[in-house]
Structures are given as structure tokens and as C-alpha cells.
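Residue-level listing of the chains:
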Amino acid sequence: MPPNGYKIAECLETTALTARAKGLDLKSMSAANYNRYAMCVKKEMNDFQQQQLSAWLPHLNAGTVFPTFFLMASCMITLGVCQLYISAQVQELQIKYTHCYPITGGKSCAQTLEDNPDSEGCKCVLPFMLDVPFEANVYIYYALNNYYQSLQNYIYSQNEAQLDGSFTPTYPCNSETQSLYNAFASKIIDGKEVPIVPCGAIGNSLFNDTIRLVRSGQGVPLIYTGISWPTDQVKFNNPKGIPLNTAYENYTNPVYWRKNIWDLDPNNSDNNGMKNEALIVWYRTAAFPEFRKFYAKVDHKIGTTYEKSLPKGSYFLEIDYNYPVRMFGGTKSVVISNTSWIGGKNSFLGFAYISTGKVGAHHKYTIFHDKYIHHKENINEIF
Amino acid sequence: MSDTLAMERLGEESSSTAVNDGHNQPKRLIYMIGTHQHFCDNAITTAKYNVLTFVPKFLFEQFHRYSNIFFLFIALMQQIPNVSPTGKYTTALPLIFILMVSAIKEIFEDIKRHKADRGVNTTLVLVLNKFTSQWEWKYWQQIRVGDMVKITNDQFFPSDLFLLTSSEPNGMCYIETANLDGETNLKIRHALKVTTHCLSSEQLVSELSLSSIQCDQPNRHLYEFHGNLKLGDSVHPMGPENVVLRGAKLRNTNWIFGCVLYTGHESKLMMNSSVRAPIKRSNVEKITNKQTILLFAILLVICVISATASYIWKKQNKEHWYLDGLEDALSSNYFFVLLTFIILYNNLIPISLQVTLEMVRFIQASFINADIEMYCEEKDTPAMARTSNLNEELGQVKYILSDKTGTLTRNTVVPEVDNNEMTPEGKPTIRYQGASPDEAALVRGAQNIGFEFTARTPECVFINALGTVEKYEILNVLDFTSDRKRMSTIVRTPEGKIKLYIKGADSMIYDRLSESSLQEFGDVTEQHLSNFATEGLRTLCCAVVDIEDNIYQEWNKKYIEAQTMETGPNGMSRDDYINEMMSKVEANLKLIGSTAIEDKLQDDVPDTIDTLLKAGIHIWVLTGDKQETAINIGHSCKLLQTGMLHVVIDDDSLDNTRESITEAQNQIRSTQREVALIVDELSSSFMEMALKCKSVICCRVSPAQKAEIVEAVKKTTRSITLAIGDGANDVAMIRAANVGVGISGLEGLQAVHSSDYAIAQFRFLSRLLLVHGSWSLFLSRLLLVHGSWSLSRLCKLILYSFYKNIALYILELWFASVSAWSGQAAFERWSLSLYNVIFTAAPPMVIGLFDRQCSAETMMKYPALYKTHSDLFNVKLFWTWILSGVWHSLLLFWLTYFSVNNDTLWQHGRADGGYLVFGNMLFTYTVITVCLKAGLEINAWTWVTHAAIWGSIVMWFVYLMIYSRFWGLFHFVGADMCGIDQMIFSSGVFWFGIGIIPLSALLVDISYKLISRTCFKTLTDEIMEMELANSPSQQSMLLETARLFKNVFHVKRDKSKDVRRRHRQEVELDLQHGYAFSQEEHGAVPQSTLIRVYDTTRSKPSGI
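Small disclaimer: the values here were computed from a predicted structure and weren't measured. (Residues numbered from 1 in each chain as written. Chains lettered and ligands numbered in written order. Predicted model: local features only at pLDDT ≥ 70, side-chain atom pairs only at ≥ 80, totals over all residues. Heavy atoms only, no water.)

**Thoughts on the overall build of chain A**
Looking only at helices and strands, chain A has 12 helices and 13 strands in total. The buried share of chain A, taken over its 383 residues, is 50%. In chain A, the share of contacts with a sequence separation of at least 24, taken over all contacts with a separation of at least 6, comes to 79%. Accessible area for chain A stands at about 18500 Å²; split by element, carbon and sulfur atoms hold 56% of it. (Helix = DSSP H or I, 4+ residues; strand = E, 2+ residues; numbered from the N terminus. Buried < 20%, exposed > 50% of the residue type's maximum accessible area, 1.4 Å probe, protein only. Contact = heavy atoms within 4.5 Å. Areas by Shrake-Rupley, 256 points an atom, 1.4 Å probe, with all protein chains shown as cover.)

Spelled out as C-alpha cells, the structure:
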């Protein structure tokens, strides 16, 4: 039976009857018989099944495509120029301080830290000039190089529940796999295994340099909140209803930490524990070994010097140097930058647009140039 | 050329083996009164699976594919703790899903086969109940060895039967064996004398209840049977002439009684067909399998590189204090890391390819089923794809091996003379049916002008000549043999004169004409004959001679003497002597006239063959029929053309054949012309020669030999063969070929049940190949490939599937290079495993289903387009796509990398969205690029295509939005992805990137396509452009190209106008003059006997 065979047969029957009623000779119709049949069937069967769907046949060749191509190329060049312009508006200053020396002189902070990992209070002061005022809003970032946050074992070395304010999963740190990802899950103190909060390699390696901007002997006011993603903040919670130091009294800090989890931000009690935004930022692990992380915003409070901008002039960068990177060839720097609506300073996409546009426009010449050389020979080959 | 010649036909070859069978195995003993439950039952099955075998067989078939084995391995490896970067079930679940889809498809297809089998098995037949002596209706499958059955006219025999008696004299019956050996003429079988008198069920029970049959064990030899009937104390030998076989049909006989000898799969027909339908896999699939291995090798290389890099990195970067403690003995083990990378990159081999292929094929098959252009109105049968695994094979067929009867020609039914029958009105009508249709036509014609053939008795025939009944006495019947190519009857007319009427091949009759007759009619008739012959008709000449009474008496005495002699005089054999005697009397003939019959071809056969030849397909005709008939059909269907050199190999002996083959080879070598080879009886060593010929006709080949030829062609040429046939005799061939096509529409046709595709008539073949084949294997233009433009839908689909996985997973390699080779995926794990299942599942489907370069009409119009399919799936193409994937991943990754380089992607100043913001941006660009790449390769954009390509992209965005909100809804699910959509969509960099990154990745593809379509046009491009252009000037160009085609592909034929042509024409003419004898040569009952057994004045028994 053909698809919908009964209906077709019915349809045929009707057609035949109509023909007879009209006095038409069925024999003489037999030449058209096939069409009559096909007509009947096509009512029942759709173009989809018959592979008769009407189709747009884009035949890409020089003639059909050039106008489009040209148009697109010019659009792209325009967009590229726009992007470059926007990017050029962004002001950015990067100050490297990996190898900085303390004001007191002597060994570099990096060296001091390598010689005695527990040493504290190595302070660097780096002067810098702003030739033009940096328009608001100005943001402070720290940038690390040759630092791998995207290692598989590193990324998984955390405990979501613990970060969410739960006490229960204390050891192992990551339940997904038993043996790995469990570094820094606990410490032995007085022969007792004490769980670490926050456990895991990410928490352990929290960036702990302190960065201050000083202008005319006064610290530039900085805001340390609003630097993390709201969507991340919901994932980080402190234990509810208990003061932090009580809540975590049976826990200990990660090995490399110098502060307790409850006073990560001494000036803002809400910005502590799991809710500390620097911690939340750090937990959003970077994709590449060169990355920037939000450190703080300049407070552009109305009525202050900083209302409109970070004014031009000379500044000092004061660093509490605690984070060792030199030993593995890493670098640290501070980035002071404002943004455009497409983010920070990066003209790469602009150049990409312009060069793609240029290549597109260039094709016209190339193809027409080649066309008459090869076309005729080739036709001969085919036949 | 091989030195060994295997020239025997199956039947003859069997004699030695059959004897062996007899010696080695005990004979089968059948008691006629008993039923023999221990023999195989009569149910047959052609289905692949049953309930029990499904699971193991299906799994075996599935894990034949390397890719499935690989994914099973990956799924198992993922269960090892710590090793998998993508969780435990990201491979297992898709794999199970894919296997389920395949399983459902297989079950669906096999159920159809089961239904067909059930239809055959539940046909009803009358079986004798030996206790009540009543005939009872039973299903075929209930028949047991030893049962007695009654078969009525036009019924198929349910199993191999020993003929006990029939309604005809001497227990004779006529059978049509077209299904078995392809011969259209009826054959006669007769019962043993001792059983012919049992004309009722009571008699059967009472007289035969103590008898038994001893016969051969079941074997596959159609023409061989040895047995003994033990009836009381006497033993009667049985031969093949006493047996009727399953697959044959009873004709012109009211009924027969038979005793079941072999049932079901033990019947000779089923023994001839391979027992189980083989599981065919297409060439493309085999190549895909190979390329999968290649991809696996690439995968391993990448993994080794990554693992080594990881090892080195770890060695050199011990100072990264923040990573301390993240390694243990196991994870720093090289092979463990290697395994991690294998799991990370495993989808470099596309997991969804097989299931996409199967779904596409399945739908393609449904397109074939639904195609109105392949629907045969006459038979109310659509084309049917019985398996969908072979669609793409249709686009690459190089050799078509066709059966003749029922395939090229209509199944002409040639019945014998029947007796008078009274219609209910009481008005006598006479049905005349001759052994050959022209005889019947002559008799009917004579009746119309007043000479009516009314009755016959063993001695005489009665003719009502214009009202007066005349009685002609039959004196002698001089039999037909293929040597004599003639047959004659000596009669005594009512006036007492003796006349010899003769009919035969024109060459034979002309040699024996009298001078006067030759002068009088010779030229005119010869003119007619050659006219007939050029039309491909089979001709016969009729002549008469008066014989003096005394001469006749003298001759008759010698003739009778000759028949009883042991050997002829002068060292002649008896047969030769009889022939000489016959020739003596068949002389001085007076020509009466000539007749011509046409073996009616199926609709449009010559056109189809012409089209197929133009498409570069070789056509071989394999038939069980006679050489003359075959050549004749060859001419009428334009397979043999006048310009061709015909080489006929028809020698009897081994040596002669070898000689003529060598001779023919020289001939072929020296000729410029197209060669047609006609082989009578098969030699296995003719292949080399045959492959050089344009067309080949093999005559008198058995079913098994047909299959052997197919196998040989497959093996020697390594190209795709297609076998087409309608009968049970074609089953073996259909199964052996890469693609088997059965002709459907007639009842009880075994061929259809074993075929891969069933079509109603031959003429639809060309559409099946050119349209569906081509649309399955569609021509295409491909960027980055120099010269080769043809690519099939499926090949494109496969290559595209490879491409899209390469494009995505090589990204992981680049990411590994910036993430310390840790095996971390740049993407979220479920996004990654849904890539193949959701985000890029549709584009390959639309490529596989809706892409087309030219319309069906164009494909039909330019068969030469078909030729360009042959080198589709080559290594170059494969690498081009692979490199395209690598190139795209390279651009995608590094462009995105540099775009997000400063990490501040938002105005609000937040930096570093983390690896997942980068990963998801990259994933977005990749999905867009990969979908657009599909769009670039698609030649016809239907609304489905639009939906698939834009829909896939939209799907990713929707997924991203939904998945990013999971965390709030379900605790801890999708924590990584929480809020990612807002991060990405709020970034200006992302939107700037979307405008340029996919485009720059595709820029090379677009440019290449442009340049090659403008400057290096292929045949397909030209035709495509023509199709696109509607202006009149463009149309004239079209015609011009059409003419160009014609010139190109006919150029060979023009060369054939060489000098030797005239010389050969005579030989050819002789070959073309087929003659129209349909009598069975050396049959079970000679014609002379046959003519005498009938007495139409007596009524026949009813056989209750």
C-alpha cells in the first residue's frame, strides 16, 4: 500500500466518476493519466515527503556575492574604527611591583618572603604620576602572570557546601573524588586533625597583598564591595545566626593565610567570612595564566576631590607584600583603569574587524584577476 | 587469465557431489502414512532477528563499528575515580541513547520482514488427513515431511513435492519455474506409473499407506534428485521429473497430489538462497569506519602530545606553591594523564555520527517509499526501501546485474493446449494456448477466418474448416533440439495425402527450401525477417512439403528402425543417425511464411538502459534462459547495439571454450569498438575479459552461478554492484550484491523479501539511482579542494560531523596549552556532551536530508553527472575537512583569547569572569561558526534548513539562559554556570566578537568557494548555474551543453565506423535472428509423446 493508499484510491475513483459524468473518454485521458494520478496523490502527500520543498539556492560566485561582500567589508571597517575609537577612550595604567623593595631598604620583598615565608610587614611604596585625570569610574585591579588558576585539580579543590555556610562536609574537601582535590582539607594541630575553612587549594592560595593609593599623603578612598558578581555572592554564605569566630572555632585557617576568616576586612564586618568579596572574586578561577582581578573601586563620593575623576598628579602605591610569586616566575602588578561600554582597554577586536574587512574587499580584485586566466582552460578539461 | 575452467552448470556439477552425498549420508526415509516431526518444519524466515537473538546479534552488529567500541571504552574509563575531566556519565548516557535509537530502528525494520514471512507461512493449502481421508486446509508452516497435499491450478508449491498423480493423462502436470531458473516456458513433470491411478483421497490412503520413499538428504541441486518409491514389495526409481519444487507454480493442470519431501529451509529453493540474509554494510560506512580509526590515531597523537606536555610542565613548574598537594602518585602517572586526555578529547570522534546517519538513512528511505514518481499505478505498488543502510550505495553503482525474465521483460505466461470448457451459458468456447505465444495466436487467427481447431485425440486433430470437420492424422513428430533449430510434424490430410509441416529458425528453413519456393517468396520473406530482427523480434519460418505415400512408408520404416538401433551405421551415434533421417524428409520445402514474436519488454526499459549506460554504469544481463532469447532481448532493450562487436562464447567443451576465450580476448584487444560479450554457460575465468566489455549477457546460469558472478565482479572491480531481479532464482544474486533490488508487484515473490530495495517496474530503477542515490550521495562543491567538486549528502554529513567535532575539541587542545596541560575542559561538562546531541545535531540532519545541488529533473536529464560520484569520499577531501576544523578552532580560540585578554569585559569594571565566561563565549562562537559552515556547504536552503541552522544557534542561547538559572532552582545543580548568561550577554566584547570571530573563521572557506566557483567551474557547477538561470539566453546554453554531452559520450561509438564492420555484419545478423522456440529441450516428456497423450474428447478426473 502506498502512503495514504486508501485515500488515493478514493480520490482516483472520484476523478474517474467525474470524468465519466462529464462524458470524457478515460482512454483519451490515459496520456494524462499519470498526471491525474500524481495530482490526487499530491493532495495527500506533502512537498516534504516528495522532496519538493521550495528552496533558496545560494549560488556563491563572484557575480552574486560581490555586492554583499563589499557592503559587509565596509560595515566591518566602520565597526572596527568605532571599536578602536571606544577603546582609545579608556585610560589605563599598569604598575608592576613583583620585585619591589621596601622603604626600609635591604632585600626585595620577594626575597624576604622567600627567605622566611612567615615574615610579615614587608611594605613597598611605588611612586607614579597621572598626567591626565582618569575619568570616573576608576577601578583598581591586581594582575598576576604565569599563575595557573585553570588547573583541573585546582578548580575542583573546593567545597561548595562549605562555601555556602554549611559545616558538615569537612573532610574530604571535595566529595566528587576521594583522593584528589583534597589538599588543604585539614591540618594536624597537637596531634589532632582539624578541618580547614575554606578548605582546598583555591581558598588556601587567596591573594593577600594589600594595595593602597596615596595622594598628597592621604589615602585615596577605596570601596571593597561590589567587586564580585551578584550571581556568585548567592553561592557564598556564612553560617547563619552565629558569630563567625564562634561558628568556625573548631576549624582552622588555610596554611598560607595570615588573617582569620572573620577579619578579612577589618573595616567592614559584613565583608567577612565567606561573604568577603575578595574571596568570592578569587574563587571565580581565571581561564588563563595571565589574569586581572578586581581589587577595589575608587570612591567617587560627591563633594570629594574624587567626585569626577582620579585627578592628575603624583601618587604613591603602597603595597603590603605578602604574596610570593617570584619563585615560580610569576609577576604581580596593579592596574588602575576606567572602562567604556565595551569594558577595558583592548583594541584587538577593532583590528580584527578592520583586517577582515580589508581581506573581504581585496577579494574583488583577486578573483576577477584570476577569472579569465583559468576559466577557459578549465572548461576544456572538463569535457 | 586463469587456466582452470569451470564450465559445468550447477545441475551437472552436482552429479559427483550428489553421489557423494548419497554415500556419506544415509538416505532420507519417508513413510507416506506417517508425519515426520523430526524434520525441519515448513516455516521460513528471512528476518534478521528473533526475540532471543536480537540482543546479542544487535550488539554484535553495533560493536562492529569501531566508534561504538571506543565510546564503550571511554564510558568504562570514566568510571575510574579522578581520571575523567567530564564526570562519569557524559559518554555513557549519549551512547545508551544512541544505541536505543538504533535498536528501535532495527526492530521496526525487522518487524516488517517478520510480517512478510508470516504472510508466506500462513498461506493455506489442502493437506490430507490420513485418518479421516479428508482434505483439510492448513497453513504452509504446518506442513510436515510425509504429508500429502493437493495443489490446484496456479498455486505455488509449498514445499518440494513428490508428484503422485494429477488431473492430466499419465499423471502429468505443467509447472512454471520462472521463479527458480528464470525460464518462461512451462515444464512437464509426471508421476510414476504406479501412483497415477490414485485419483481420490480414499485411494491415496488405502493404496499408498504402506509405501515409503527413500531419497537424498536435502541439497541445493535444482536439477538433481535420486530416490526410490517402495510400494509393497516392488521398488520404483524416482528421478527429478517426478518432483516439483517449492517456488514453482502449477499451470494448466487442475490439480495434483503430492507427497512432501523437503520442507522449509531444506527445500531446494531455500538451500539455494543463503540461509540467512547477510547483514550488508555500505562502502561509505566501511570507509567511515576506517576514517574513524584514522581519527582515533589523530586523537592518540594529540593525547600523547598533551600528556607529554603535561609531564614536562609538571617537571619544570614545581615551584607553584599554590598547587602543592594536588598531585598524588596516580595522577602524576603518565598513562593516567594520557587516559584523562583521551577522555577529554574523546569526542574528536563524533559519537552522534552513527545515530545521525541511521536517522538520516531511515528518513531517506521513507522518502524513497513515498516518492510518487516511483509509484507504480499499474500494480499499486510504491518503491520500498527494505533496509535503509544502503541508500548511499545507490549513488555509486558501477555494475548492474540484471535478471531478464520479469525484470527486463514482462513475465509472459506460456500455457499449453487446453480442452474445451463449457461456460454457464452453455455456449462452447475454446481456450487455445500454445507452447509459444505465436502458435496460440496462429490458431486463434485461423479460427477467426473460419478454420477452427476443435479437438484432439492421441492420433488425430480435428479441424472445423468453414463448417466441415476435417480429421488430420498425426503420423510423426520430429522433435525440436537446439542443434536442429526446427521441428516438424508429418500428417495425413483428410484427402489421404501425406504432408510435412515444419517450423524453425530462418537459417534452417532457408537451407532446405526448394528452388522454386526460394525464388518465389525468398526475397520478400527475407526482407520481412530482417525487419523483424532489427526490431529485436524473435522469428520463425513455416514451411510445408508434400511427401509421396511410398516414399513416406519407406522413410518411416527406416526411421522407426533408427530409433530402436543401438548405434547408427558408419560409426555414427544413434542420435546423429536419427537427425540425418529427419533431415532427409525435411527437404524441398515450400515456404509458407514467417512469424515473429516479441518478448514483451517492461515499460521504458530501453530508455532506462540507455540512461544508465550514459551514467557510466555497466549492465550485465544474467539469465537462465537460452542464448537466442537472451541476445534477442539484448537487442530489443538496446543493450546490444548494431555498432558493437559481439563476442559469443558458447562452446560445449572445456578446451573449445578456452580457445574461444583466448581468441575473443585478442579480438577485444584489437578492436576500438564497444564490445558486447555473450556467454553461454559460465566460465569463472571470463571475468577479465568481461570487465572490458560495455555490456555482458550470460545465458543459462543457475541461481548460484548468478551469485558467483556478482561475487566475482565485486571482488575483481572493488566497485559497487547492484543486482536486480524478481524471481526466487535471483535471491542468491540479490543477497550477494552490494545492493539488491527486487521487483515487486507480483504475488509470492521471494526476491522482494531478500532485497534491499523493492521497486515495481524496471523503468523506475533509473530514478531510484539517479535521484535518491544522488541525493543521498550528492554532488557538492567544497572549499579548499582543488578540482574535486563532488560530494554526497552522506559523505558531506560524515565529513561535516568529523569537522564539527574537530573544530570543538581542538579548542580543548589550545586551552590545555594555556592551562598547564591539566586536562581541564574549557567548557562546562554537560554543554560539552550536549554539543553533538542538541546544538549541532540538526545541521548534519538537514545536510543529509534536504541538501541538493540540482533538481531531480536535472539529475535525470544529465546522467553523466552520476559519473562524478565515483571518487567522492577520498582521503584528500577527508583531510580538507579535518584541516578546516583545525583552522577554525585555531582562529576561534586565539581570536577569543585576545579579545578577552584584559579580563575587563564590562563597563561596571568587574574583571575576570573566570574560565567559564571565556569558555561559554568561545562555545557560542564555535556553535555559530559550525552552523554557518553547514550553511555554507548547503546548496539548497529549504525552510527546514533555515530552521535547523538558525534554530541550533538559538537553541544554544536558550540553553545557556536556562542552565544559568538552574542554580537558584535546584540547589547545587549547575553551580558553575550560575549567572553566566548575564555575564556574557552584558558584555560589549561578546557582541563585538560575535560579529567578527565566526566570520573571520569562515572567511577562508567563503573565499575559496568564491574563487573556485568563479574560476574553476566543474560540470556540476555549470549545470547548477544553468538550472538557476531562467533567461532564454541561458536556456540556449543549456541545450548546447546537452549537445556537448551527447558528443562526448558518443564519441566512442563514432569511432566504431571502421572497415571491418561490413565483414562482421553478417555474423551479427545471424546472431540477431533469434528464433522463437519455447519447447523444452530434452524435457521430461518428449514433444512427440506429449502430442499423443491428450484426448480432449474425454473429461478429466476431479481429484477429490
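**Re the sheet that holds strand β7 (residues 210-215) of chain A**
Residue and element names in this part refer to chain A. Spatially, 4 strands are ordered β2-β12-β7-β8 in an open sheet, and the strand pairing comes out antiparallel. At either end of the open sheet lies a strand with only one pairing partner, and these are β2 (123-130) and β8 (218-219). Looking at chain direction, β7 and strand β12 (residues 313-320) are connected through 6 bridges and run antiparallel. The partner of R215 across the bridge, within β12, is Y315. (Pairing = 2+ DSSP bridges.)

**Considerations on the pattern of salt bridges**
Residues and elements named next belong to chain A. Tallying each qualifying case throughout the model produces 20 salt bridges over all chains. With its nearest N and O atoms 3.2 Å apart, the salt bridge here joins R326 to E114. Here the residue R326 occupies a position in the loop between β12 and β13 (331-337), and E114 occupies one in helix α5 (residues 109-115), the gap between them amounting to 212 residues. The class of E114 is partly exposed, set by a relative accessible area of 28%. (Salt bridge = Lys/Arg side-chain N within 4 Å of Asp/Glu carboxyl O.)

**Considering the side chain of T292 of chain B**
Residue and element names in this part refer to chain B. Of note, T292 is situated in helix α8 (residues 283-316). Residue T292 is classed as buried on the basis of its relative accessible area, which comes to 5%. Filtering out sequence-adjacent residues up to four positions away, T292 remains in contact with S67, I349 and F802.

**Considering the state of the cysteines**
The final tally for this structure, using the stated rule, is 2 disulfides over all chains. Each sulfur in the disulfide pair C109 of chain A and C122 of chain A lies 1.9 Å from the other. Across the S-S bond of C109 of chain A and C122 of chain A the torsion is about -90°, and the bridge reads as left-handed. Residue C109 of chain A is located in helix α5, and its partner C122 of chain A is located in the loop between α5 and β2; the two are separated by 13 residues in the primary sequence. By the burial criterion, C109 of chain A is buried, and C122 of chain A matches it. Residue C173 of chain B stays outside any disulfide, its sulfur separated by 15 Å from that of C259 of chain B, the closest cysteine. C541 of chain B carries a free sulfur, and the closest cysteine sulfur to it, the one in C542 of chain B, is 7.3 Å from it. (Disulfide = S-S within 2.5 Å.)

Nothing here speaks to function; it is all geometry.
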